[in-house]
Amino acid sequence: MKTILDVDDLTKTFGTNTVLDHISFSISRGSCYGLLGPNGAGKSTTMKLLTGILETPTGSIKILGHDVATARDMVQKVVGYVPQEITLYEKLSAEDNLIFFGGLYGLKGKQLKERIRTVLTDTGLLDRANDLVKTFSGGMKRRINIASALLHEPQILILDEPTVGIDPQSRNHIFGMIRRLRDAGVTIIYSTHYMEEVEALCDELAILDHGKMIAQGSLSDILDRFSQKAVYIENQNALGAEAYPAIKKITPHHQGLILECDQPLSLMRQLLDDAAAGKIGPLHAIELMKPSLEDVFLSLTGTRLRDE
Amino acid sequence: MIAMVIKELKLMAREKGNFFFLILMPLIFIVVFGSIFNQANSQTLTVSVHDLDQTAASKALIKQIDTIKGFKVTQENHTSVANQVKQIKAGKLSSLVVIDRGFSAGLRNGKANLHFYSDAAESSETAPIQAVLKNIVTGYQQQKLAHVLQAHGETEAQIKQTLMAPIQIQSVTENSKHVDFMSQIVPGYTVMFVFFIMNSMVRRFFQEKDSGMIARLQSTPLSPISYLIGMWVPAFLSVIIQCTVLLATGYFFYHLHLGNPLAVTLIVLCLALCGTGLGLCLALVVRSENQGLGITQLLTLGGAIVAGLWFPSDILPSFAQKIGYFTPQYWAMSSLQDVMIRGYGLSEIWLNLLVLLLIGLAGLAVALIRFKPFLRAAAH
């Protein structure tokens, strides 16, 4: 796929604090790209640099081949930015907020009305158009927050942790919106510290930690490269690792054990055979451990994402 | 920019605090102080008199006091003088005039006595009564002299000539038809509350900054200068509406003489530019909302005193009056009073307009210089 955004050797410092350290990545047109990392990893700074809110100090950011530092006007027209904060006027109605944001992009008259109707329909809030934003739930505000960045039909939508503090229903609604936008050809850049969100939405991702990019690529590639393959079993008898040379490490987990290995399917088969033959006692549970980004983050940083 | 202006006007219209601080509060001040001082205009001083003499002469004296405009006599013969003096000591009575026994006889032989007891803490009320008594005594003195001169065979014209004071005060009151308490109160509170727009502006900019809105708007095609103008224009318009409402209240309800309409309009425009220019400057210079609100209180209330917004500045010590010259409130107030009371036009108040304009433009210039650092700070 054609590259729509190209970041090369980006470094950003605030005073003596380096918040982004030589970051490089490319995003393909029409993909959903996840930026995963704990709070303070540099995700929001990256997004503000992509939108031109912060000035690019060293390195370069190119959108559609244009440098963000010199072609801000073009960038602002093709990019929609949804910040982490709910940036709406609570004392205005949803429609008045959208009229304002649409006006900033030069939309007016019939075109503006139609766009407002479309985005309100997409967010499922058409019937609340005239209600003041302050009467909305957190999830509804988040949806209007996104809607206000879609009025000018951007080619790239940048969402900075858009599901913080919302109910599952609104989260599902937002996920649905993002999938529809991606299907319509909009490139999505999505930052979060929820790994399950990246797993559910993103084709490609980058993992940031303390301003450094510690991994990037497609989801399957990263899982394949960095997650530990393992089998989980529960049985009454202690399992001797020496009996199974394929097992690299045994870790107690809940009621059973996690057996790390390179070929988990082979190990599973062997364990089932041995259990059937009575060699290791009856198995109460056996399952293939699904590789997750949590494991990836743990193996790369030595810390859990949510502990941060 | 138009989208910004419309949005800000909508927000202002829905912000009850703006209406309260910019319109309702000054209206309350004008109505309350207007009522108090209008009543003060027609206030009469009560003169408590204890007549121990009870003769035609003492009654004539009491009648003479009672007929003086602004004074009303109440006779306090029901209790003893000693008790009434106790009441004065206790602060329950401010003064007492006692017409001694033998007052009438004393008049004839030139040894009549009056006693005037007064509470030292109430000198502002008792001093006029004492002055009136002295005037009456002088009148009796002149009558006595006239009798003596008449006895020496002088004609009435000669007596009049002799008794005439060597200095005559020719009292000439200029512009008296336009001067009353409302010509101090209405322009005073209008000017004072204009500068409260700085509060609203500081609060709005910090709301925008703290909510992340300024950062978000930097990702849109809205240019920084359009943002600044979009925030300033609604504040400017609201000050014009505020001045119009307050001056119109003075005109329609208190018959305030407005003077030259063009001059008043230009004063209001320059005042609006000055107040909002300073507001914009303050919003972009201060480090926190509380700092901005504190400075606004200092400028509005401190300026109100030294600029003569609450009372005429000429009753202040000269150094305080000189400080007043450095406040925009002074130039606005003096120009409004010049137009309303003295009937001045543009040619007489141009300097005031120029000062207000320059202060406003200086505020806007500082705001422009400070805007970029403010945007950078808001982006983080």
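Residues numbered from 1 in each chain as written. Chains lettered and ligands numbered in written order. Predicted model: local features only at pLDDT ≥ 70, side-chain atom pairs only at ≥ 80, totals over all residues. Heavy atoms only, no water.

In the annotation of an unreviewed UniProt entry, the entry for chain A reads ABC-2 type transport system ATP-binding protein, and the organism field reads Sporolactobacillus spathodeae.

A. Highlighting the overall build of chain A. A count of helical and extended segments in chain A gives ten helices and 14 strands. Each principal axis of the C-alpha atoms in chain A carries an extent, and together these give about 80 × 45 × 35 Å. Per-residue burial for chain A yields a buried fraction of 51% across its 308 residues. In chain A, the share of contacts with a sequence separation of at least 24, taken over all contacts with a separation of at least 6, comes to 66%. Carbon and sulfur atoms form 48% of the exposed surface of chain A, whose accessible area is close to 13,900 Å². (Helix = DSSP H or I, 4+ residues; strand = E, 2+ residues; numbered from the N terminus. Buried < 20%, exposed > 50% of the residue type's maximum accessible area, 1.4 Å probe, protein only. Contact = heavy atoms within 4.5 Å. Areas by Shrake-Rupley, 256 points an atom, 1.4 Å probe, with all protein chains shown as cover.)

B. Representation of the overall build of chain B. When helices and strands are tallied, chain B shows 16 helices and four strands. The C-alpha atoms of chain B give a radius of gyration of 30 Å, which is well past the 21 Å a tight globule of 380 residues would have. Structurally, chain B occupies a C-alpha span of about 100 × 50 × 35 Å along its principal axes. Burial status across chain B gives 45% buried among its 380 residues. (Rg over C-alpha atoms; globule rule 2.2 N^0.38 Å.)

C. Looking closely at the environment of Ser334 of chain B. Mapped onto the fold, Ser334 of chain B is located in helix 15 (residues 328–341). The spatial distance from the C-alpha of Ser334 of chain B to the C-alpha of Ile349 of chain B is 8.8 Å, given a sequence separation of 15 residues.

D. Broad picture of the UniProt feature "domain: ABC transporter" (unreviewed entry) in chain A. This chain's UniProt record puts "domain: ABC transporter" (unreviewed entry) on residues 5–235 of chain A. Secondary structure within residues 5–235 of chain A divides into 36% helix and 30% strand; the distance between the first and last C-alpha atoms comes to 51 Å. (UniProt positions renumbered as here; feature names shortened; annotations may be inferred.)

E. Inspection of the domain arrangement of chain A at higher detail. Each assigned domain of chain A is listed with its residue range as follows: domain 1 (3–224) and domain 2 (228–290). One C-alpha centre belongs to domain 1 of chain A, the other to domain 2 of chain A, and the line joining them spans 43 Å. (Domains from an automatic or database assignment.)

F. Broad picture of helix 1 (residues 43–51) of chain A. Residue and element names in this part refer to chain A. Summarising burial for helix 1: eight of the nine residues are buried, a large majority. Here helix 1 has its buried residues at Lys43, Thr45, Thr46, Met47, Lys48, Leu49, Leu50 and Thr51. Just past helix 1, the residue Gly52 takes up positive phi, approximately 85°.

G. Structural view of unusual backbone geometry. Backbone geometry at Leu64 of chain A places phi at a positive 50°, although glycine is not the residue there. As for its position among the elements, Leu64 of chain A is in the loop between strand 4 (58–63) and strand 5 (66–67). What makes Leu64 of chain A partly exposed here is its relative accessible area of 28%. Backbone geometry at Gln54 of chain B places phi at a positive 50°, although glycine is not the residue there. Along the polypeptide, Gln54 of chain B turns up in the loop between strand 1 (45–51) and helix 3 (56–66).

H. Looking closely at the domain arrangement of chain B. Entries for chain B in the domain assignment read domain 1 (2–34 + 181–379) and domain 2 (45–163). Using only C-alpha atoms to locate each centre, domain 1 of chain B and domain 2 of chain B end up separated by 54 Å.

I. Main features of the packing of aromatic side chains. Tallied over the full model, the rule gives 18 aromatic pairs over all chains. Both rings, one in Phe29 of chain B and one in Tyr189 of chain B, keep their centres 5.2 Å apart while their planes meet at 50°; by these two values the pair is tilted. Taken together, the residues Phe29 of chain B in helix 2 (residues 16–41) and Tyr189 of chain B in helix 8 (residues 182–194) connect sequence positions 160 residues apart. Here Phe29 of chain B falls in the partly exposed class, since its relative accessible area comes to 25%. Classification of Tyr189 of chain B by relative accessible area gives buried; the value is 6%. A ring pair is formed by Tyr227 of chain B and Phe371 of chain B, whose centres lie 6.1 Å apart and whose planes are at 5°; its orientation type is stacked. Pair noted here: Tyr227 of chain B is in helix 11 (residues 224–254) and Phe371 of chain B is in helix 16 (residues 346–379), with a separation of 144 residues, a long-range link. Here Tyr227 of chain B and Phe371 of chain B have matching classes, each one buried. An aromatic cluster of three or more residues is present, and its members are Phe20, Phe21, Phe29, Phe33, Tyr189, Phe193 and Phe196 of chain B. Sitting over the ring of Phe100 of chain A, Lys7 of chain B keeps its end group 5.0 Å from the ring centre. Over the face of the ring belonging to Phe101 of chain A we find Arg216 of chain B, whose NZ or CZ atom lies 4.7 Å from the ring centre. (Phe/Tyr/Trp six-rings, centres within 6.5 Å; stacked < 30°, edge-to-face > 60°. Lys NZ or Arg CZ within 6 Å of the ring centre and 35° of its normal.)

J. Broad picture of helix 12 (residues 261–285) of chain B. Residue and element names in this part refer to chain B. For helix 12, built from 25 residues, the straight-helix expectation of 36 Å at 1.5 Å per residue is met to within 8% by its first-to-last C-alpha distance of 36 Å. Counting buried positions along helix 12 gives 18 out of 25 residues, so the element sits mostly inside the fold. The backbone nitrogen of Leu262 lies 3.0 Å from a side-chain oxygen of the residue at the head of helix 12, namely Asn260. (Expected span 1.5 Å × (residues − 1). Polar contact = N/O pair within 3.5 Å; in protein donor to acceptor, adjacent residues only side chain to side chain.)

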